[in-house]
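# Descriptive structure summary
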Amino acid sequence: FQNRPNGFQMEIVPHLKPVIYEINDVIYDKGDYSEAFFFISSGEIEITSNSIENFGVVFGEGEFFGEKELFENTFRIEKVKCKSRTCLLFELSML
């Protein structure tokens, strides 16, 4: 989002939907259709895949995920679950 024009972030804010997950809840699974991507407001998520380089990657507050498959219009290639007690995410749906 750093290369976006001024005001881009403010344009997407009305489209963000808050969602809460609890520990071990699956946010999306490998093979799911890509409908949205997520910004992490609080908590941590864990991304796992079959590749060694992406196994057990943890993202936290201020980070985002799920955009690659969404923008490429492909199915999810990784599993993502809530790693902390709760995760507050903001979902940006393309539907």
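The coordinates are above.
So, here's what we can say about the structure. For clarity, every value in this text was computed on a predicted model and none was experimentally measured.

With the rule as written, the count across this model stands at one salt bridge. The salt bridge partner of glutamate 69 is arginine 76, with a shortest N-O separation of 3.3 Å.

Counted according to the given criterion, the structure contains seven aromatic pairs. Between phenylalanine 38 and phenylalanine 65 the ring centres are 5.2 Å apart and the planes differ by 15°, which places this aromatic pair in the stacked class. Of this pair, phenylalanine 38 sits in strand 3 (residues 36-42) while phenylalanine 65 sits in strand 6 (residues 64-65), and the two are 27 residues apart along the sequence. A cation over an aromatic ring shows up here: arginine 76 above the ring of tyrosine 28, its NZ or CZ 3.8 Å from the ring centre.

Procedures and definitions
- Residues numbered from 1 in each chain as written.
- Predicted model: local features only at pLDDT ≥ 70, side-chain atom pairs only at ≥ 80, totals over all residues.
- Heavy atoms only, no water.
- Salt bridge = Lys/Arg side-chain N within 4 Å of Asp/Glu carboxyl O.
- Phe/Tyr/Trp six-rings, centres within 6.5 Å; stacked < 30°, edge-to-face > 60°.
- Helix = DSSP H or I, 4+ residues; strand = E, 2+ residues; numbered from the N terminus.
- Lys NZ or Arg CZ within 6 Å of the ring centre and 35° of its normal.

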